[in-house]
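Architecture and fold: a report
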Amino acid sequence: FVIMSGDAGVRMRGKITGGERSPGLNLSGRVKDLSSEFLKKLWPPIIAPKTRNWVTANVKKGNITEGTIQLNLPANVLADAKLAKGFPKGSMDIRFKMADVTSTYYKELPAITAKSGQAQLLDNDFALNMFDAAITVPSAPTRAEARASA
């Protein structure tokens, strides 16, 4: 299937199968030029719900410039993962690059802004790297900056 809005879009290929307790999802795909708002609308609540909840609550703006999605979830694995509080190895690999991101990250701390970054959700682990990032501290006369190269 293909979902497009202007130049932004998601292309997925694969199959969805029935299961006694949850469907099977064997899908691969690509994303391009997704805004954070569009991503929040498209991300199914059943796929990596804790990561989805964090992204929904904390990412204030930004764009996914490109990304890949690989899901290998046989029938009933989603239900099993909910009970086990984790996915089996090899279940999912979602990677993306992003630009112009503003995000909070911990309770009342100030937001971080980044010109670019990359992230990966590999089974149960989420990794996030942000580049040319800055945090504006309200009580400080200057910004705190962290710079890194890819």
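This is a predicted model, so every value here is computed, not measured. (Residues numbered from 1 in each chain as written. Predicted model: local features only at pLDDT ≥ 70, side-chain atom pairs only at ≥ 80, totals over all residues. Heavy atoms only, no water.)

Some words on the environment of serine 22
Note on placement: serine 22 falls in the loop between strand S2 (8-17) and strand S3 (24-35). Accessibility expressed as a relative area gives 6% for serine 22, which makes it buried. Separated by 57 residues in sequence, serine 22 and alanine 79 have C-alpha atoms that sit 5.6 Å apart. A distance of 3.5 Å separates the side chain of serine 22 from the backbone nitrogen of leucine 78, its partner in a polar contact. From its side chain, serine 22 meets the backbone nitrogen of alanine 79 in a polar contact 3.0 Å long. (Helix = DSSP H or I, 4+ residues; strand = E, 2+ residues; numbered from the N terminus. Buried < 20%, exposed > 50% of the residue type's maximum accessible area, 1.4 Å probe, protein only. Polar contact = N/O pair within 3.5 Å; in protein donor to acceptor, adjacent residues only side chain to side chain.)

Details of the pairing of strand S4 (residues 59-73)
When S3 meets S4, the two strands line up antiparallel, connected through ten bridges. Within S4, the residue paired with leucine 34 across the bridge is isoleucine 64. Pairing of S4 with strand S5 (residues 92-103), which is carried by ten bridges, proceeds in the antiparallel orientation. Of the residues in S5, the one forming a bridge with valine 59 is serine 103. (Pairing = 2+ DSSP bridges.)

A look at the side chain of threonine 102
Mapped onto the elements of the fold, threonine 102 is located in strand S5. In this view, threonine 102 contacts Asn58, Val59, Lys60, Lys61, Ala111, Ile112 and Thr113; residues no more than four positions away in its chain are not counted. (Contact = heavy atoms within 4.5 Å.)

Re the side chain of asparagine 76
Tracing the backbone through its elements, the reader meets asparagine 76 in the loop between S4 and helix H3 (77-84). Of note is the side chain of asparagine 76, whose polar atom sits 3.1 Å from the backbone nitrogen of glutamate 20. Those residues in contact with asparagine 76 that sit more than four places away from it in its chain are Gly19, Glu20, Arg21, Ser22 and Pro23.

A short note on the pattern of salt bridges
For the structure shown, the criterion picks out four salt bridges. Between arginine 21 and aspartate 80 there is a salt bridge, with the nearest N and O atoms lying 2.6 Å from each other. Pair noted here: arginine 21 is in the loop between S2 and S3 and aspartate 80 is in helix H3, with a separation of 59 residues, a long-range link. For the salt bridge of aspartate 93 with arginine 95, the shortest nitrogen-to-oxygen distance reads 3.0 Å. (Salt bridge = Lys/Arg side-chain N within 4 Å of Asp/Glu carboxyl O.)

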